[in-house]
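Residue-level listing of the chains:
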Amino acid sequence: MSTLVFYSEFDSFEQWSVLLAPHLPGVNICRAEEVQNVDEVHFALVWKPPHGFFAAYRNLKLLVNLGAGVDSLVGRDDLPDIPIVRLSDPHMARMMAGFVLFAVLRYVRDIPAFERAQRERRWHYLHPRSPETVRVGVLGLGELGAHAAQELARQGLDVRGWSRSQKTIEGITCSSGIDALDDFLANSDILVVMLPLTPQTQGLLSAERLARLPHGSAFINVSRGAIVDQVALTQALQRGDIGQATLDVFDREPLPPEDALWSMDNVLITPHLASVAIPASAAPQVAENIQRAARGEPVLNQVFPQQGY
Ligand code: GLV
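Residues numbered from 1 in each chain as written. Predicted model: local features only at pLDDT ≥ 70, side-chain atom pairs only at ≥ 80, totals over all residues. Heavy atoms only, no water.

**Q** What should I look at first to understand the domain arrangement of the protein chain in this one?
**A** Accessible area lost on assembly of the parts is the figure often given for the size of an interface. With domains assigned, the protein chain is organised as domain 1 (2-89 + 277-303) and domain 2 (90-269). For domain 1 and domain 2, the distance between their C-alpha centroids amounts to 32 Å. Counting the surface lost from both domain 1 and domain 2, the interface buries some 880 Å², and carbon and sulfur atoms represent 56% of this. If you sort the residues of domain 1 by the area they bury against domain 2, D71, D89 and I278 come out on top, with a joint share of 57%. Scanning the region where domain 1 abuts domain 2 turns up two salt bridges. Its salt-bridge partner being D71, residue R224 comes within 2.8 Å of it at the nearest N-O pair. (Domains from an automatic or database assignment. Buried area = accessible area lost by both parts, 1.4 Å probe. Salt bridge = Lys/Arg side-chain N within 4 Å of Asp/Glu carboxyl O.)

Have a look at this one:
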């Protein structure tokens, strides 16, 4: 008998276990506190488990990260030396692209100005811009970034993408490498941060780099707060150097109630949900990886902790 142990404070155990069970006959699926025999735990499906979580499970064969971003997992010093896989779900990419489209188009179509005008009962006509005149920079062209960039391009926007290694994506002007970053930022009327958090991207958007953005630009972060100097970002927004921001992620989550960002009229705050793991679409791939690991076959979407993603 094998056991799959589940841990997440955000995801529903009931939903995941009901969806996984039909694919995994012979595997007992349970929460950490319900495990009967730790030696039978061969698989773990986890999101941010507490430090030391894995130590009890000496016979683990596979660790499944219950999310796309693996930064909270790969930086730990208590990881077992077994394959780690992440979710790679087209539905998650679609959900993310939907959020990015909403946030970008909200700025392209000047919606915040109309929201303000409505509060003042003011008929405030602003002539719509044509999308090709708006330069949108997507920082990070992994699975989620590339998909969002393509969806933005379908709206006729002038979409540019930046990544660590050069990518080729139809309809997107791609640049790469740290030397190209300042130029990329200087040409982004709207910047969308979609990079994974790694030792290389931590603090990448420093005060100096944020200062490269065009005056009055819009800033959207849907990846990880630690990529950005949040104090510098807040100050740039207060001065109006950066005109507006949509922030789904922060250096501390939940964002503390006393944080200045909460009360800023030019900032939209959402509580880290631009894209979330979707059990119905991701369960089959989680089950497939567990079956592969059980048979001793190579797994899909493996993460390499040294690389950070
Ligand atoms: C959410 O932030 C994820 O990484 O899945």
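Now, onward.
**Q** What exactly am I supposed to notice about the UniProt feature "domain: D-isomer specific 2-hydroxyacid dehydrogenase NAD-binding" (unreviewed entry) in the protein chain here?
**A** In this structure's numbering, the residues bearing the UniProt feature "domain: D-isomer specific 2-hydroxyacid dehydrogenase NAD-binding" (unreviewed entry) are residues 103-274. Helix makes up 27% of residues 103-274 and strand 19%, whereas the separation of the span's terminal C-alpha atoms amounts to 10 Å. (UniProt positions renumbered as here; feature names shortened; annotations may be inferred. Helix = DSSP H or I, 4+ residues; strand = E, 2+ residues; numbered from the N terminus.)

**Q** For this particular structure, what's the right way to read helix 5 (residues 143-154)?
**A** Look at helix 5: 17 Å from first C-alpha to last across twelve residues, which is about the 16 Å you get at 1.5 Å a residue. Regarding helix 5, the residues found buried are G145, A146, A148, A149, E151 and L152. (Expected span 1.5 Å × (residues − 1). Buried < 20%, exposed > 50% of the residue type's maximum accessible area, 1.4 Å probe, protein only.)

**Q** Sorry, what's going on with the pairing of strand 4 (residues 62-65) here?
**A** Side chains on a regular strand alternate between the two faces of the sheet. Going residue by residue along strand 4, you find L62 and V64 tucked away on one face and L63 and N65 tucked away on the opposite face as well. Relative to strand 4, strand 3 (residues 41-46) is paired through four bridges, and the arrangement is parallel. Counterpart to F43 in the pairing with strand 4 is L62. Across two bridges, the pairing between strand 4 and strand 5 (residues 84-85) is parallel. For L63, the partnering residue across the bridge sits in strand 5 and is I84. (Pairing = 2+ DSSP bridges.)

**Q** Got a minute to help me understand the site of the ligand in this structure?
**A** Neighbouring the ligand are the residues W47, G67, A68, G69, M92, R224 and H272. One nitrogen or oxygen atom from the main chain of A68 is found 2.7 Å from an oxygen atom belonging to the ligand. R224 places a polar side-chain atom, nitrogen or oxygen, 2.9 Å from an oxygen atom of the ligand. Relative to its unbound accessible surface of 190 Å², the ligand loses 86% to contact with the protein. Class assignment of the residues belonging to the shell around the ligand gives a composition of three nonpolar, three polar and one charged. (Near = heavy atom within 4 Å. Polar contact = N/O pair within 3.5 Å; in protein donor to acceptor, adjacent residues only side chain to side chain. Areas by Shrake-Rupley, 256 points an atom, 1.4 Å probe, with all protein chains shown as cover. Nonpolar A, V, L, I, M, F, W, Y, C, P; charged D, E, K, R; others polar.)

**Q** Is there a simple way to explain the environment of I190 in this structure?
**A** Looking at the element boundaries, I190 is found in strand 9 (residues 190-193). A sequence separation of 55 residues divides I190 from R135, and the C-alpha atoms of the two residues are 6.5 Å apart.

**Q** Would you explain the environment of T234 in this entry?
**A** With respect to the secondary-structure elements, T234 resides in helix 8 (residues 230-239). On a C-alpha basis, the gap between T234 and L261 in space is 6.6 Å, while along the polypeptide they are 27 residues apart. With near-sequence residues (within four places) excluded, T234 lies in contact with A260, L261 and M264. (Contact = heavy atoms within 4.5 Å.)

**Q** Sorry if this is basic, but what is going on with a nonpolar patch on the surface here?
**A** A grouping of M95, L273 and V276 is seen on the molecular surface, where their side chains present a nonpolar patch of about 220 Å² in accessible area. Tracing the chain through its elements places L273 in the loop between strand 12 (267-269) and helix 9 (279-295). (Patch = residues over 30% accessible without salt bridge, like charges linked within 9 Å, V, L, I, M, F, W, Y side chains within 5 Å.)

**Q** Would you mind showing me how to read the sheet that holds strand 12 here?
**A** Adjacent strands of a sheet pair through backbone hydrogen bonds, lying either parallel or antiparallel. Ordered in space as 8-7-6-9-10-11-12, the seven strands form an open sheet in which the pairing is parallel. Of all the strands in the sheet, the pair left with one neighbour each is strand 8 (173-176) and strand 12. Each strand of the sheet is rotated relative to its neighbour by a mean of 15°, with strand direction disregarded. Pairing of strand 7 (residues 158-163) with strand 8 involves four bridges; the strand directions are parallel. Its bridge partner being in strand 8, S163 is matched across the sheet by S176. Where helix 3 (residues 90-108) meets the sheet, it contacts strand 6 (135-139), strand 9, strand 10 (217-221), strand 11 (242-247) and strand 12, and its direction lies at approximately 155° from that of strand 11. Across the sheet, helix 8 lies against strand 10, strand 11 and strand 12, angled at about 130° from strand 11, the strand it touches most. (Axes fitted to C-alpha atoms, helices over the stretch in contact; angles between N-to-C directions.)

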